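# Descriptive structure summary
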Amino acid sequence: MTSSFKTEEDVIKDSINNKKPTIERDLTIAKSLLKQKSGDGGNVYDHLTFVLSKIMDERPKNVMDHFEEFSRVVQKEKNRNSNSLLASTYVEPDSLKRATSLNQCFDAFLRISEQDQKSSRKDDFAHLQFYWSIAGYGFPQGHIFTMSCSLGLLESRDILRTCRYWGRIFGLKLNYYVAEADLSEDEIQKRAVGDAGPPDEQWGSGINQKTYFVCHCLGDDWIELPRATAKDIEMSQKIRKHFTGDLDALIQSNPKFPGTEKNLLRATIQRITTETYAAPVGYYEVEGGNASISPNYNSPDTTELLDLSSWCQYRMTKTPSCSDSSSDSVPTWTLRHMLEHFPKTSMVVIRSNIWPGAVSFSSQLKHDSVYVGWGVKYGRKAFVPPLPLSTSNEYNFNVRTVNEETPGAFTVKDNNSAAVE
């Protein structure tokens, strides 16, 4: 009993004897031609097989536009050294890391929400985005829920009473999302034990009335910044520096800043908050550095808020009214009336020109402040750092000069006296 199976060579031999064209013969000849090996051991048949397989896996919208790119990628992967550790090691893509981090953030927030129903930060933040979107500083729609969950996780910590979204500071490599929080009374008392610092620099008072947290990406863990000091704030006023995104980066500046980027970031946040947080006069009651909404405040018509005298900087110690002058001869504030034809939703936006990116709004229902910028104060004149100190004189030492005329004799020459033999 003979087998009817024929190899490619048998088909080619039969085609030579039988010159009648057949589909089987043509396909076999074409296949054998494509399988001819090149100098590197590869062949067109295997290459096309891998390319088609990659196209079926990724399914691009327009295959013709990507065919050459798929062919180049397959050839590049084929030429890679099979013994290389990089070729056999799986590298987790950044998109997968972000998705995993966000998924963990969502799961943790949902667990906390089921256990504790006291937090309303999610609804507050989402509601404020309606007003901020009108002012042009709103969050992208896809990020609102993520930030709400992230703030909810931060507020659920036992050491905090409340927290809010403060703003965003851009960096050269990474950006900072900033959250402002109030420490609980127990946490303030715990940190006050053994604290011998000045009263204005202690936790929960003075320049450290608020505590600030930062993260680089939504869903990441919040990192607490160190407390601010008067020295850090004073030195930060003498330098202009863009942030890098690395909290532990050293600050290369003149004069030298006494700390790392996290100390400079904390000092800058304090300066921005103090100088730019504006609210209608009477909206807040300030007691002991704490600002709370006044129960006796009657919201005026938004047209009245177009007068700069109706605003005050409530984070300052004496809550001064907003001024319209600055050392650089530019208006300190810019007022803008939004949705003026809709009384129920109209609001006034006040923007700081000294700290570009600092904005506050006030309507008949809500008020809030936020900062989105580089963390650099405006200056009309080019910033010129102070010159370094003059160099010290060299060490004053005696110089011995050998007298060649009289062997064995020498003179001692002092810089401050005549030569002595």
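Our structure's up above, just so we're on the same page.
Quantities reported herein were computed from a predicted structural model and do not represent experimental measurements. (Residues numbered from 1 in each chain as written. Predicted model: local features only at pLDDT ≥ 70, side-chain atom pairs only at ≥ 80, totals over all residues. Heavy atoms only, no water.)

### Some details on the pairing of strand S10 (residues 347–352)
Applied cut-off: Throughout this description, buried means an accessible area under 20% of the type-specific maximum (1.4 Å probe, protein chains only), exposed means over 50%, and partly exposed covers the range between. Segments assigned H or I by DSSP are reported as helices when at least four residues long, segments assigned E as strands when at least two residues long, and all are numbered from the N terminus. What makes two strands pair is DSSP finding at least two bridges between them.
The buried fraction of S10 is high, at 5 of 6 residues. Bridge analysis of strand S9 (residues 333–338) against S10 gives 6 bridges, and the strand direction is antiparallel. Among the inter-strand pairings, His337 is bridged to a residue of S10, identified as Val348. Examined bridge by bridge, S10 and strand S11 (residues 358–363) share 5 bridges and lie antiparallel to one another.

### Looking at the side chain of Asp195
Using the following cut-off: The contact rule is simple, with two residues in contact once any of their heavy atoms fall within 4.5 Å.
Looking at the element boundaries, Asp195 is found in the loop between helix H9 (185–192) and strand S3 (211–215). Relative accessible area serves as the criterion here: at 17%, Asp195 is assigned to the buried category. Ignoring any residue separated from it by four or fewer positions in sequence, one finds Asp195 in contact with Gln202, Trp203 and Arg227.

### What to know about the pattern of salt bridges
Quick note on the threshold: For this analysis, a salt bridge means a side-chain nitrogen from Lys or Arg found within 4 Å of a carboxyl oxygen belonging to Asp or Glu.
Under the definition given, this model contains 11 salt bridges. The partner of Arg164 in a salt bridge is Asp368, with the nearest N and O atoms 3.0 Å apart. Here Asp368 lies in strand S12 (residues 367–373) and Arg164 lies in strand S1 (residues 160–169), a separation of 204 residues in the sequence. Comparing Arg164 with Asp368 shows no difference in burial state: the two are buried. One salt-bridge network, in which partners are shared between bridges, spans Arg164, Glu180 and Asp368.

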